Amino acid sequence: MTAPHTVPVAILCGGRGTRLRGDGPAVPKPLVEIGGRPILWHVIRLYVAHGFRSFLLLTGYRGEEIAEFTAGVSWPEGVQIECIPTGEDTPTGGRIHAVADRLAGGTSCVTYSDGVADLDLRGLLAFHRGHGSGATVTVVRPELPFGFAKLEGDQVVGFTEKPRSEAWINAGFLCLEPCALASIGPDDVLERGPMEAWAEQGALRAHRHEGFWDCMDTYKDALLLNDLVERGQAPWLTAVPA
């Protein structure tokens, strides 16, 4: 089994964050703060807490600010972080393609810079190495934004408050083998061509996560995550060692 500290983690950090506020936040999306620290810090911390030590940050929009932030943090001993400019408008797959040679030596992890979860990343890696396919994606059933009314005819008999979706969605937190990396082109959107092709080929497995997950996609998401931290109820922080 490949130990986490030998597995590189590529984090997609090129987003502009235009859905967070009108024309975008005052900082690049990975640096939008949750509980006084950038969301990127939370993502890296989650991996570090599970034994990962090598990180490639695939930057784009205002990437120099991300590099400045990471250089100024006192990370735990042994943690190595390298920021790699991959173009302002490069699609997600293209960013990974740009560093494929750096990841091709064995198993690698790929994730987004805006998603947090109380995920057992060691368990994810073990699951991936155990099934033998080229790619694994973590999937979750998100909480729906609205409650449901329970009806009998036209009579309302109750309500279900924000149930979980029955469908599973891509939550990021991927593990990839060199054969999967080799199929990603410079103009690819990771979530479309490559992942769809892996699925058609039977080369993509799903790691189901039933715990907490949220993606800071909108301003409402940022408020929710900040509130959880302020109340001391952030599962991605309390589920792993400091």
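Residues numbered from 1 in each chain as written. Predicted model: local features only at pLDDT ≥ 70, side-chain atom pairs only at ≥ 80, totals over all residues. Heavy atoms only, no water.

A. Molecular detail of the packing of aromatic side chains. Overall, the coordinates contain five aromatic pairs when judged by the stated rule. Pairing F69 with W75 gives two aromatic rings, centres 6.4 Å apart and planes at 85 degrees, and the pair type is edge-to-face. A relative accessible area of 19% means that F69 is categorised as buried. Every member of this aromatic cluster is reached through a ring pair, and the members are Y47, F52, F55 and F173. (Phe/Tyr/Trp six-rings, centres within 6.5 Å; stacked < 30°, edge-to-face > 60°. Buried < 20%, exposed > 50% of the residue type's maximum accessible area, 1.4 Å probe, protein only.)

B. Expanded view of the pattern of salt bridges. On inspection of all chains with the given rule, the structure shows six salt bridges. Among the ionic pairs, K29 bridges to D114, the shortest N-O distance being 2.7 Å. One end of the pair, K29, is in the loop between β1 (9-13) and β2 (33-34); the other, D114, is in the loop between β6 (108-112) and β7 (115-117), and 85 residues separate them in sequence. Pair check on accessibility: K29 and D114 agree, each one buried. Here R231 and D227 are joined by a salt bridge, their closest N and O atoms 2.8 Å apart. Through salt bridges with shared partners, a single network forms among K29, D114 and D217. (Salt bridge = Lys/Arg side-chain N within 4 Å of Asp/Glu carboxyl O. Helix = DSSP H or I, 4+ residues; strand = E, 2+ residues; numbered from the N terminus.)

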